[in-house]
Amino acid sequence: MIELYETLKKRFGYEKFRPGQKEVIQHILSGKDTIAILPTGMGKSLCYQLPGYLLEGSVVIVSPLVSLMEDQAAQMRKNGEKSVIALNSFLSFQERKIALQNLGQYKFIFVSPEMLLQERVANKLRSMKLSIIVVDEAHCVSQWGFDFRPDYLRIGKLIDFDGRPPILSLTATAQSQVIEEISDYLHMDNPVVERHSLDRQNISYCIIQLNTYDEKYDWIKERVTATTGPGIIYASSRKRADELSTELQSIGVAVQAYHAGKENEDRAIIQEQFINGEIEWICATNAFGMGIHKGDIRQVIHEHMPSNMNAYVQEVGRAGRDGKPAAATLLYVPRDEDMTRFIVQNDLPAEEQIMHYAYLLSEGVNDDEAADRASLGETAKRVLDFYMEQFSIDKVLHIVDRLAKQKDSEVHEMVQLITGQRCIRESLMSYFDEKLDSKREYCCSVCGLPNAVWLSSNQRLVERHSKRARSWDERILSLL
DNA sequence: CGGGTGAGCGATAACGCTCACCCGGTGCCTTATT
């Protein structure tokens with residue numbers, strides 16, 4: 001125990017642990033597989049860095065985004081840790097070769113699931129002395145594994161070898177089903193679940209029903225000029241994010257759009273500018289947000305609903321990490337969910353496509369050509385390949401069908417949250433199997449939010465708010 | 001849903017109109033080299 005605090009002081013300069021950290025570290029040090037669900041901004045990386053220093057061998061960190069692992073590696077280097085490498089496609093062939101040969105010399109090794117699954121990388125890691133295998137943002141197993149990045153579902157098989165080190169899964173949100181999936185697909189051995197309340201008391205939730213998309217635009221324009229950021233506006237398509245950003249720029253707002261259609265370099269610059277405060281607002285698709293360290297985000301506005309509650313909580317949770325009041329507003333127009341449904345179902349292959357693809361493969365057609373002839377998109381092909389590797393065609397059809405139904409019911413849950421009469425915070429908490437012990441003062445639009453007061457401890461916001469927002473708030477309240 | 005596109009229509013012909021249809025999010029890795 002003394003050693004823990006000494007290392008904390010010496011390596012990180014802290015006197016105390018944040019809630020949850022010490023427990024997670026102790027589980028890992030005693031060799032137990034651990035799933036840690038800690039709210040964002042609670043210092044999750046310390047949970048593997050500290051035990052990494054106390055244990056012999058290398059720490060492998062599986063990370064979903066190259067940019068995220070680069071950030072984390074850079075941060076660690078800045079703090080004086082030289083023995084860290086991010087093994088990814090940023091490295092040239094030559095660099096990768098050298099890195100792989102000398103991998104055992106590194107204390108901290110970041111990899112993507114795809115990289116981890118390359119045989120050469122896997123073999124090398126298995127031959128090394130490893131202290132911890134960390135899966136960062138572990139909800140990606142559930143969120144992406146089944147229909148987008150199936151390699152997330154293959155990790156478990158790979159890291160399940162004799163004498164493997166403990167596995168640590170880190171995430172900010174996970175309902176019980178997701179916890180089970182993480183445990184199963186990572187082949188975790190009876191993991192300890194270290195869970196902290198996900199209730200973000202400083203966030204006020206507001207859901208507003210409007211009639212048309214134009215009303216949404218007007219509302220956002222008004223809101224952005226009358227109140228303060230920094231803030232994120234989540235839109236449902238790249239196009240809409242671009243349009244909204246252009247519109248807001250035209251009325252003098254410091255705003256940029258962010259989505260996967262932009263060059264990586266531009267995305268990095270925009271993110272940097274937002275973090276430094278040069279840009280006040282970001283209009284983004286769901287591409288924006290993971291691994292963003294910015295404490296003073298005051299607002300998250302959803303121009304369109306996300307596709308499930310988990311995504312909603314993740315996105316909303318980016319507001320108010322500094323603990324000061326923050327507002328989460330979701331704008332809803334009846335039948336918004338039609339588009340959401342379309343998006344989440346779009347990549348799933350249809351029954352005919354699956355049959356066609358399987359038939360062509362059985363005829364000996366090369367897989368790329370077969371996918372092409374069966375009109376399978378790249379994502380659909382990769383996902384299908386994963387299921388066909390291990391199941392009969394009947395089973396595959398069944399799995400895909402079940403997946404579609406599940407996604408549908410997730411959208412339905414979102415609609416119920418939006419249109420229901422139940423306290424929003426309470427609904428979210430019960431979704432994550434938590435109970436609210438007491439009511440917050442400025443809870444949500446169902447419980448009632450008084451005029452502008454709900455953001456009053458943010459001085460700047462109130463100053464700007466008081467000029468124009470009064471009538472606007474009244475209008476919102478009347479809509480509620 | 002909302003926005004965009006392209007076909008079909010009328011019938012002096014050209015072009016403007018309607019209508020049916022399609023599309024819409026997330027990221028690793030890109031092998032022919034260790």
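Our subject is the structure that appears above.
Reading the values: rules and limits
- Residues numbered from 1 in each chain as written.
- Chains lettered and ligands numbered in written order.
- Predicted model: local features only at pLDDT ≥ 70, side-chain atom pairs only at ≥ 80, totals over all residues.
- Heavy atoms only, no water.
- Helix = DSSP H or I, 4+ residues; strand = E, 2+ residues; numbered from the N terminus.
- Rg over C-alpha atoms; globule rule 2.2 N^0.38 Å.
- Buried < 20%, exposed > 50% of the residue type's maximum accessible area, 1.4 Å probe, protein only.
- Contact = heavy atoms within 4.5 Å.
- Areas by Shrake-Rupley, 256 points an atom, 1.4 Å probe, with all protein chains shown as cover.
- Lys, Arg positive; Asp, Glu negative; His and termini not counted.
- Charge placed at Lys NZ, Arg CZ, Asp CG, Glu CD.
- Pairing = 2+ DSSP bridges.
- Axes fitted to C-alpha atoms, helices over the stretch in contact; angles between N-to-C directions.
- 1 Å grid on protein atoms, 1.4 Å probe; cavity = no way out; pocket = protein on both sides within 12 Å on 5 of 7 lines; lining within 4 Å.
- Points joined across faces, edges and corners; volume = space filled by probe spheres on them.
- Salt bridge = Lys/Arg side-chain N within 4 Å of Asp/Glu carboxyl O.
- Near = heavy atom within 4 Å.
- Polar contact = N/O pair within 3.5 Å; in protein donor to acceptor, adjacent residues only side chain to side chain.
- Nonpolar A, V, L, I, M, F, W, Y, C, P; charged D, E, K, R; others polar.

Draft legend 1. Here's a closer look at the overall build of chain A. In terms of regular secondary structure, chain A is built from 21 helices and 13 strands. Against the globule reference of 23 Å for 480 residues, chain A gives a C-alpha radius of gyration of 23 Å, in line with a compact fold. Reported as C-alpha extents along the three principal axes, the dimensions of chain A are approximately 65 × 65 × 45 Å. Taken over 480 residues, chain A has a buried fraction of 53%. A separation of at least 24 residues holds for 74% of the contacts in chain A among residues at least 6 apart in sequence. As displayed, chain A has an accessible area near 22000 Å², and 47% of this comes from carbon and sulfur atoms. With 57 positive and 68 negative side-chain charges, chain A shows a separation of 6 Å between the mean positions of the two kinds.

Draft legend 2. Structural view of the pairing of strand β2 (residues 58-62). Taking burial as the measure, the 5 residues of β2 include 5 buried ones, the bulk of the element. Side chains Ser 58, Val 60 and Val 62 of β2 all project onto a buried face; the interleaved residues Val 59 and Ile 61 project onto the opposite face, where all are buried too. Two elements, β2 and strand β5 (residues 130-135), share 5 bridges in a ladder whose sense is parallel. Across the sheet, residue Val 62 finds its bridge partner in β5, namely Val 135. Pairing analysis gives 4 bridges linking β2 to strand β4 (residues 108-111), with the strands arranged parallel. In the strand pairing of β4, Val 59 is matched with Phe 108.

Draft legend 3. Spatial organisation of the sheet that holds strand β1 (residues 34-37). Spatial ordering of the open sheet is given by β3-β4-β2-β5-β6-β1-β7, a layout of 7 strands whose pairing is parallel. Of all the strands in the sheet, just β3 (84-87) and β7 (192-195) have a single pairing partner and so form its edges. Taken pair by pair, the neighbouring strands of this sheet meet at an average axis angle of 20°, ignoring direction. With respect to the sheet, helix α10 (residues 176-185) is in contact with β1, β6 (167-171) and β7, its orientation differing from that of β1 by roughly 145°.

Draft legend 4. Looking closely at empty space enclosed by the protein. Inspection of every chain in the model, using the stated rule, returns 3 cavities of 30 Å³ or more. The space that makes up the largest cavity amounts to roughly 150 Å³. Residue lining of the largest cavity: 15 residues in total, with Thr 173, Leu 198, Arg 200, Val 313 and Gly 317 positioned closest to the centre. Elements that contribute at least two residues to the lining of the largest cavity include exactly β8 (203-209), α14 (309-316) and α20 (424-431). The dominant element in the lining of the largest cavity, judged by the number of residues it contributes, is α14, at 3 residues.

Draft legend 5. Region of interest: the pattern of salt bridges. Inspection of the entire model under this criterion finds 19 salt bridges. For Lys 9, the salt bridge is made with Glu 15, and the minimal N-O distance between the two is 3.1 Å. Its salt-bridge partner being Glu 369, residue Arg 373 comes within 3.1 Å of it at the nearest N-O pair. Here Arg 373 and its partner Glu 369 are both found in helix α17 (residues 367-373), 4 residues apart, which amounts to about one turn of the helix.

Draft legend 6. Inspection of the protein's contact with DNA strand B at higher detail. Taken together, 35 residues lie around DNA strand B, and Ser 89, Arg 96, Thr 285, Phe 342 and Arg 382 are the ones closest in. Looking at DNA strand B alone, sugar and phosphate atoms form 52% of those within 4 Å of the protein. Backbone polar atom of Val 66 to a phosphate oxygen of DNA strand B: 2.9 Å apart, as the coordinates give it. Take Gln 118: an N or O atom from its side chain is 3.4 Å from a sugar or linking oxygen of DNA strand B. When residues of the surface near DNA strand B are traced back to their parent elements, those giving at least two are α5 (93-101), α6 (113-116), α12 (238-250), α15 (336-346) and α18 (378-390). Tallying contributions element by element places α15 first for the surface near DNA strand B, with 4 residues. Considered class by class, the residues forming the surface near DNA strand B number 14 nonpolar, 10 polar and 11 charged.

Draft legend 7. Broad picture of the layout of surface pockets. In this model, the second largest pocket occupies a volume close to 310 Å³. Lining the second largest pocket are 17 residues, and of these Pro 39, Ser 197, Asp 199, Arg 200 and Gln 201 lie nearest its centre. Tallied by class, the residues present in the lining of the second largest pocket amount to 3 nonpolar, 7 polar and 7 charged.

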